[in-house]
Every structure is written in structure tokens, then in C-alpha cells.
Amino acid sequence: MHLDDVLTELVADSGDRLLRVAYQLTHDRGAAQDLVQDALLRVYRSVRRRGLAPEDWYAYLRRAVINEYVRTRRLRSSTEVVTDMVPEPPGSVSPEDRAADQAQLWAALGELSERQRAVLVLRYYEGLPDHEIAGLLSCREPTVRSLARRGLAAMRPLVTAASSEEGRA
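The rules we used
Residues numbered from 1 in each chain as written. Predicted model: local features only at pLDDT ≥ 70, side-chain atom pairs only at ≥ 80, totals over all residues. Heavy atoms only, no water. Core = buried A, V, L, I, M, F, W, Y, C linked by side-chain atoms within 4.5 Å. Buried < 20%, exposed > 50% of the residue type's maximum accessible area, 1.4 Å probe, protein only. Helix = DSSP H or I, 4+ residues; strand = E, 2+ residues; numbered from the N terminus. Contact = heavy atoms within 4.5 Å. pLDDT = per-residue confidence, 0-100. Expected span 1.5 Å × (residues − 1). Arc of directions from axis to C-beta. Polar contact = N/O pair within 3.5 Å; in protein donor to acceptor, adjacent residues only side chain to side chain. 1 Å grid on protein atoms, 1.4 Å probe; cavity = no way out; pocket = protein on both sides within 12 Å on 5 of 7 lines; lining within 4 Å. Points joined across faces, edges and corners; volume = space filled by probe spheres on them. Nonpolar A, V, L, I, M, F, W, Y, C, P; charged D, E, K, R; others polar. Phe/Tyr/Trp six-rings, centres within 6.5 Å; stacked < 30°, edge-to-face > 60°. Lys NZ or Arg CZ within 6 Å of the ring centre and 35° of its normal. Salt bridge = Lys/Arg side-chain N within 4 Å of Asp/Glu carboxyl O.

*Asks:* I'm lost on the nonpolar core in this one. Help?
*Replies:* Among soluble globular proteins, nonpolar side chains are generally buried collectively. Judged by nonpolar contacts, the single largest core of 42 residues is most densely connected at Leu25 and Val65. At the level of secondary structure, the elements contributing two or more residues to this core comprise α1 (3-26), α2 (29-50), α3 (57-77), α4 (97-110), α5 (114-125), α6 (130-137) and α7 (141-168). Setting aside its immediate chain neighbours within four residues, Val65 contacts Leu18, Ala22, Leu25, Leu35, Val36 and Ala39.

The following block contains the structure:
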């Protein structure tokens, strides 16, 4: 089977799953689509150049999406402009408590470093064990556990602060 056909079939089968992982990382549908597209383009070029097809395409592409996310976050952080104006928080779309809790979690997740965020998404959304996350992020298992612990610890005050502000409103 030709490489174009393999990737077309793979995107048809696993594209939505890759997009969900990217959305979990970016929390922006457009950015998630761009992330998956850029990752697919990099994988396509790499596989064509080297001529080596991975054994597990989904895992390979998931790794490419994560690498692309970390790369773009690193590049973006060097061009961000800090201002003294704070944007208004998004309004609640749904009156349900679950929707409000999810919005708080998204906001708190967005405050984490890219590695902490990637670890939490891979652990709790993808359900991957620590050794696989360590392999994807090119670090050791204790580092994964440390990133997860620090990420969750950093999220707790953000979520409680958001819920206490919501209670005052």
C-alpha cells in the first residue's frame, strides 16, 4: 500500500481521536486542527524521506502531535506580549454545575506548563501509564510522576479560587 493511502486511511480511522488529544492540549478547536495538520505534515515528510513506516501509526502520530504542541508553545512563549489588562472571563454557557466545573478545569489546565499539561492529558484523558508517557515525552517515569503531582498541585488553588469568585458573584 502506498504511503498516501496509508495516511489517508489512518486519518479517516484515527483523525478524530488525534484531534481530541490536540483539543485537550490547546482547548481551541482551530488550534487543535492546525496542530494535527502540522504534525501530519511533519510525519509525512519524515516517513517519505526516511522510507520507514512505524509499527503503531496512531502512537507515532500522537507523539508527533505532542511534539508539535510543545514546539509551538516554546516558540509562542518567546513572542508573547505581557500587558496589564486582564481579559474578561468567559461567560457560563450552561447553567449546569458540571459545565462550570469543566470551564474551571480548562482554565486551570491552561495555566500549566506544556509538559505538565501534556502529562495530565496523556494520563487522565488518554489513560496512558507512566512508562508510556515517559517514552512519549522523552523523560524518566519519576519525572512524569513529578510533573503530574506538580501540575495537579498548581491546578488546585486555581480551581478553588475560581469557584470562590463564582460564589461571590
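Past the structure itself, the notes keep going.
*Asks:* How should I be thinking about the confidence of the model for the chain in this particular structure?
*Replies:* For residues with low pLDDT, the predicted coordinates do not support detailed interpretation. Taken residue by residue, the chain gives an average pLDDT of 81. The fraction at 70 or more is 78%. Within the chain, the lowest mean pLDDT, 76, falls on α4, and the highest, 93, falls on α6.

*Asks:* What exactly am I supposed to notice about α2 here?
*Replies:* One full turn of an α-helix is made of 3.6 residues, so residues set three or four places apart face in the same direction. Given a rise of 1.5 Å per residue, 22 residues ought to cover 32 Å, and the 31 Å separating the end C-alpha atoms of α2 matches this to within 8%. Of all the residues in α2, the buried ones are Ala32, Leu35, Val36, Ala39, Leu40, Val43, Ser46 and Val47. Buried residues along α2 cover an arc of 135° about the axis, so they all sit on one side. Across α2 from its buried face, at more than 90 degrees, point the exposed residues Gln37, Arg48 and Arg49. Capping the start of α2 is the job of one residue whose side-chain oxygen sits 3.2 Å from the backbone nitrogen of Gly30: Asp28. Directly beyond the C-terminal end of α2, a positive phi value near 75° is found at Gly51.

*Asks:* Explain α5 here, please?
*Replies:* If you check α5, its first and last C-alpha atoms are 15 Å apart, about what 12 residues at 1.5 Å a residue would give, namely 16 Å. Burial in α5 covers these residues: Gln116, Arg117, Ala118, Val119, Leu120, Val121 and Leu122. A positive phi of about 70° marks Gly127, the residue just after α5.

*Asks:* Explanation requested: the layout of surface pockets in the structure shown.
*Replies:* To locate leftover empty space, one rolls a probe as large as a water molecule over the atoms. Within this model, the second largest pocket holds a volume of roughly 360 Å³. As for the second largest pocket, its lining consists of 13 residues, and the residues nearest its centre are Gln24, Leu105, Leu109, Tyr124 and Met155. Mapped onto the lining of the second largest pocket, the elements with two or more residues apiece are α4, α5 and α7. Looking at side-chain class alone, the lining of the second largest pocket contains 10 nonpolar, 2 polar and 1 charged residues.

*Asks:* I tried to follow the packing of aromatic side chains on my own but got confused; where do I start?
*Replies:* Think of a pair of aromatic rings as described by two things: how far the centres are apart, and how the planes are tilted against each other in angle. In the structure shown here, the tally under the stated rule is 2 aromatic pairs. Relative to Trp106, the ring of Tyr23 has its centre 5.7 Å away and its plane inclined at 70°; by these criteria the two rings are edge-to-face. Here Tyr23 is found in helix α1, whereas its partner Trp106 is found in helix α4, with 83 residues between them in sequence. Residue class for Trp106 comes out buried when judged on its relative accessible area of 18%. In this structure, Arg17 is placed above the aromatic ring of Tyr58, and the distance from its NZ or CZ to the ring centre is 4.1 Å.

*Asks:* Teacher, can you tell me more about the environment of Arg156 here?
*Replies:* One can find Arg156 in helix α7. A relative accessible area of 54% means that Arg156 is categorised as exposed. Between the C-alpha atoms of Arg156 and Leu105, which are 51 residues apart in sequence, the distance is 9.3 Å.

*Asks:* In this structure, what is going on with the pattern of salt bridges? I would like to understand it.
*Replies:* In total, this model carries 6 salt bridges according to the counting rule given. The residue Arg145 makes a salt bridge to Glu141 at a minimum N-O spacing of 3.7 Å. Separated by 4 residues within a single helix, Arg145 and Glu141 lie in helix α7, roughly one turn from each other. Beyond isolated ion pairs, a larger network of salt bridges with shared partners links Arg17, Arg62 and Glu126.

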